[in-house]
Amino acid sequence: MLTQWRVLRFDLTSDKRYSLSSSTRQMLKQTDAPINATLYLAGSLNSGFLRLQSATQDMLKEMGVYADINLRTINPADLTEAEQERLQQQLARLQFVPTAIYERDRQGRQMQTIVYPYMRLQYKDKQQWVSLLVNQRGQSGAENLNSSIESLEYILAESIHRLQQTERSQVVFLEGQGELPEQNTADIQQALAHYFDVYRGAVTDDACCLDPFRCVIVADPQLPFSEKDKYILNHYLMQGGTILWCVNGVQFSSQVLTDAGFTPVVANDINLTDMLFRYGIRINSHILQDVQCLPVPVDVSQDPERPQYQPMPWYFSPLLLCNSSHPVTRNLTQVNALFPSDISLVGEDDGIEKNILLLTSNASRVIPTPGEVDLGSLNADLNDFTHAYIPVAASLEGVFPSLFAHRMCPEGVVDTTTAQTQSVRTRQVVVACGAVPRNEIQQGQVLPAGYDRYSHMQFGNRDFIVNSVLWLIDDSGLINLRQKTIPLRMLNEASIRQNIILYQLLSTLLPLCLLALTAGVVWLLRKQRYAR
């Protein structure tokens, strides 16, 4: 009788895969209109995508306990040609590409299946397209599908949260110190525009000029910060603002390197060392090299009229590893960097929680400055790569001390607020490489951040920057859902092939034996009962 008034739900799985977090439940309870979900992952699917489809449907049913969610599943193959073309055009505008699955049937013939791992959510007069598939380079198909299932709650909850929002937060790219121009941050700005209103601008004389923004992004500054600029950034942080720093530890010229084949490298002194050190981190004036790096085409021909290009490892462009236990970098592919430096965490007992986000591989090298980068010396001695897992990026969370505590306000700054010696609890992310958020321009077209046009490979730069900003301004705790882990329990295919007859007999005869045993026990009990 209790189930007529109360739905009882018990999650007995060890990884709590069928349980929603408290932040998700609270967010769903705030919906005041139906949510219409249209799932296009349907049709002739293999076992992996069937598992993703089932997990998506189960997740929406679980969310439907706390909100009015209507699910409709559509097989794109059943649509008319006009409807299929319209669907593909909608997906193309979002840079969503259908996934091709190549498999072999039992006769060994290769089959191709096109699947659409996408969903459309509609809430009131707004809609949101969602990609359900996490595709991490270096992982198998089964591992990527498992990562997709792990990320389902975050993907769906974050999308519904965006549909609920009536006011969008504001994010600003700082200008005035030679930061990356707008054309070289266009891809990141477009990605962030799905979540926030994105602006660009320099600080003014007003100490509160940055207060309307939820996050300030400092992308590859080249000129020194004045004391006035540092005061305004420090004041912004003390008020609870968040900052994403992408700062080079060394200074070099890409143009000189391209034209002359070499460039001097010196320490990048932009007057931020004391400020970051005060917050618990230091960017060192070193250059990092890594065996795990991008290749570059090099002309190895002796005849200048007949160039012959071969890929050579460019050790100054390492592929950084991601911390799989942090919500910013979980299920994220490698991040491409150029001339990165290392960071040092200082003040271990300062009460600030510090976590490494990006690091080099186990075969790295540290080069002190001043020095020189020469394209003619690409063949390095691998015995020199003796360092391992050097940190390049870190997150900081806590109460930060003020750089200007017990100091006079710089001349020219208008500050009518009360001076603070420490901040409210807030967050920062520091990346010792200014090239991480940078995108290239090819024939007037903006390439994605992290895309290498020589190898035609896409790395995780864009997702890293977007996840960092989402983590910095996350008030609801939804970003922590990226840490959810579901163990991948794979069958032993070699054992299955070797003992297939045994497993077939067990799966066929064992249920029949159990059924016969149960029937026999029931027959004996009935015989004993009615014999009396």
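Remember, it's a predicted structure, so these values are computed and weren't measured experimentally.

1. Structural notes on the pairing of strand β2 (residues 69-73)
Logical step 1: Pairing of strand β1 (residues 35-39) with β2 involves 5 bridges; the strand directions are parallel. Directly across from Thr 38, in β2, lies its bridge partner Arg 72.
Logical step 2: Handedness of the crossover joining β1 and β2 through helix α2 (residues 47-63): right-handed.

2. Points about the sheet that holds β2
Logical step 1: An order of β2-β1-β5-β6 is seen for the 4 strands of this open sheet, with the pairing classed as mixed. Every other strand in the sheet has two partners, leaving β2 and β6 (126-131) as the edge strands with one partner each. Taken over all neighbouring pairs, the strand axes of this sheet differ in orientation by 20 degrees on average, direction set aside.
Logical step 2: Sheet topology note: the strand β5 (residues 118-123)/β6 ladder contains 6 bridges and is antiparallel. Residue pairing across strands places Tyr 118 opposite Ser 131, the latter belonging to β6.

3. Thoughts on the nonpolar core
Logical step 1: Leu 210, Trp 245 and Phe 464 are the most contacted members of the largest nonpolar core, which totals 109 residues.
Logical step 2: Those residues in contact with Leu 210 that sit more than four places away from it in its chain are Leu 174, Val 203, Val 216, Ile 232, Leu 233 and Tyr 236.
Logical step 3: Phe 252, Val 265, Ile 287 and Phe 316 belong to the second-largest nonpolar core, a separate cluster that totals 10 residues.

4. Description of the sheet that holds strand β11 (residues 250-251)
Logical step 1: Spatially, the 3 strands line up as an open sheet ordered β11-β12-β21, and their pairing is antiparallel. Edge strands, defined here as strands with exactly one partner in the open sheet, are β11 and β21 (371-374).
Logical step 2: As paired strands, strand β12 (residues 262-267) and β21 are joined by 4 bridges and run antiparallel to one another. Of the residues in β21, the one forming a bridge with Pro 264 is Glu 372.

5. So, the packing of aromatic side chains
Logical step 1: In this structure the tally under the stated criterion is 11 aromatic pairs.
Logical step 2: Consider the rings of Tyr 199 and Phe 213, whose centres lie 5.9 Å apart with planes at 65 degrees: the pair is edge-to-face. Here Tyr 199 is found in strand β8 (residues 197-201), whereas its partner Phe 213 is found in the loop between β8 and β9 (215-219), with 14 residues between them in sequence.
Logical step 3: Directly above the ring of Trp 471 sits Arg 427, whose terminal nitrogen or CZ lies 4.4 Å from the centroid.

6. As for the packing of α2 against helix α4 (residues 141-150)
Logical step 1: Between α2 and α4, the least distance of the axes is 10 Å, while the angle of their chain directions is 0 degrees. In terms of orientation, α2 and α4 fall into the roughly parallel class. For the pair formed by α2 and α4, the contact residues are Gly 48, Phe 49, Arg 51, Leu 52 and Ala 55 on the first element and Leu 145, Asn 146, Ser 148 and Ile 149 on the second.
Logical step 2: When its residues are assigned to classes, the contact of α2 with α4 shows 5 nonpolar, 3 polar and 1 charged.

7. So, the side chain of Thr 426
Logical step 1: Mapped onto the elements, Thr 426 comes out in strand β23 (residues 426-431).
Logical step 2: A polar contact of 3.3 Å, which involves the side chain of Thr 426, links it to the backbone oxygen of Gly 240.
Logical step 3: Ignoring sequence-local partners within four residues, the contact set of Thr 426 consists of Leu 237, Gly 240, Gly 241, Thr 242, Leu 396, Glu 397, Gly 398 and Phe 400.

8. Observations concerning the confidence of the model for the protein
Logical step 1: For the protein, the mean per-residue pLDDT works out to 85, and 90% of the residues sit at or above 70.
Logical step 2: Taking the mean pLDDT of every element in the protein, the minimum, 72, falls on helix α8 (residues 254-260) and the maximum, 97, on strand β10 (residues 242-246).

9. Things to note about the pattern of salt bridges
Logical step 1: Across all of its chains, the model carries 13 salt bridges by this definition.
Logical step 2: Here Glu 150 ties to Arg 330 by a salt bridge, and the two come within 2.9 Å at their closest N and O atoms. Taken together, the residues Glu 150 in helix α4 and Arg 330 in the loop between β16 (309-322) and β17 (335-336) connect sequence positions 180 residues apart. A single burial state applies to Glu 150 and to Arg 330, both of which are buried.
Logical step 3: For the salt bridge of Glu 158 with Arg 162, the shortest nitrogen-to-oxygen distance reads 3.2 Å. Of the two residues, Glu 158 and Arg 162 are both situated in helix α5 (residues 152-164); the distance of 4 residues between them amounts to about one turn of the helix. Each member of the pair, Glu 158 as well as Arg 162, carries the same accessibility label: buried.
Logical step 4: Overlapping salt bridges, with partners in common, bring together Glu 227, Lys 230, Asp 274 and Arg 407 in one network.

10. Quick look at the packing of α2 against α5
Logical step 1: Interhelical geometry of α2 versus α5 gives an angle of 50 degrees and a closest axis separation of 10 Å. The orientation of α2 relative to α5 falls into the category oblique. The way α2 lies across α5 gives a crossing that is right-handed. Two secondary-structure elements touch here, α2 through Leu 52, Ala 55, Thr 56, Met 59, Leu 60 and Met 63 and α5 through Leu 152, Glu 153, Leu 156, Ala 157 and Ile 160.
Logical step 2: Taken together, the residues that form the contact of α2 with α5 break down as 9 nonpolar, 1 polar and 1 charged.

11. Remarks on the state of the cysteines
Logical step 1: For the structure on display, the rule yields 0 disulfides.
Logical step 2: The closest cysteine sulfur to the non-disulfide-bonded Cys 322 is located on Cys 433, 13 Å from its own sulfur.

Scoring rules and cut-offs
- Residues numbered from 1 in each chain as written.
- Predicted model: local features only at pLDDT ≥ 70, side-chain atom pairs only at ≥ 80, totals over all residues.
- Heavy atoms only, no water.
- Pairing = 2+ DSSP bridges.
- Helix = DSSP H or I, 4+ residues; strand = E, 2+ residues; numbered from the N terminus.
- Right-handed = clockwise from strand over helix to strand, strands pointing away.
- Axes fitted to C-alpha atoms, helices over the stretch in contact; angles between N-to-C directions.
- Core = buried A, V, L, I, M, F, W, Y, C linked by side-chain atoms within 4.5 Å.
- Buried < 20%, exposed > 50% of the residue type's maximum accessible area, 1.4 Å probe, protein only.
- Contact = heavy atoms within 4.5 Å.
- Phe/Tyr/Trp six-rings, centres within 6.5 Å; stacked < 30°, edge-to-face > 60°.
- Lys NZ or Arg CZ within 6 Å of the ring centre and 35° of its normal.
- Parallel < 35°, antiparallel > 145°, perpendicular 65-115°, else oblique.
- Nonpolar A, V, L, I, M, F, W, Y, C, P; charged D, E, K, R; others polar.
- Polar contact = N/O pair within 3.5 Å; in protein donor to acceptor, adjacent residues only side chain to side chain.
- pLDDT = per-residue confidence, 0-100.
- Salt bridge = Lys/Arg side-chain N within 4 Å of Asp/Glu carboxyl O.
- Left-handed = near helix turned anticlockwise from the far one by under 90°.
- Disulfide = S-S within 2.5 Å.

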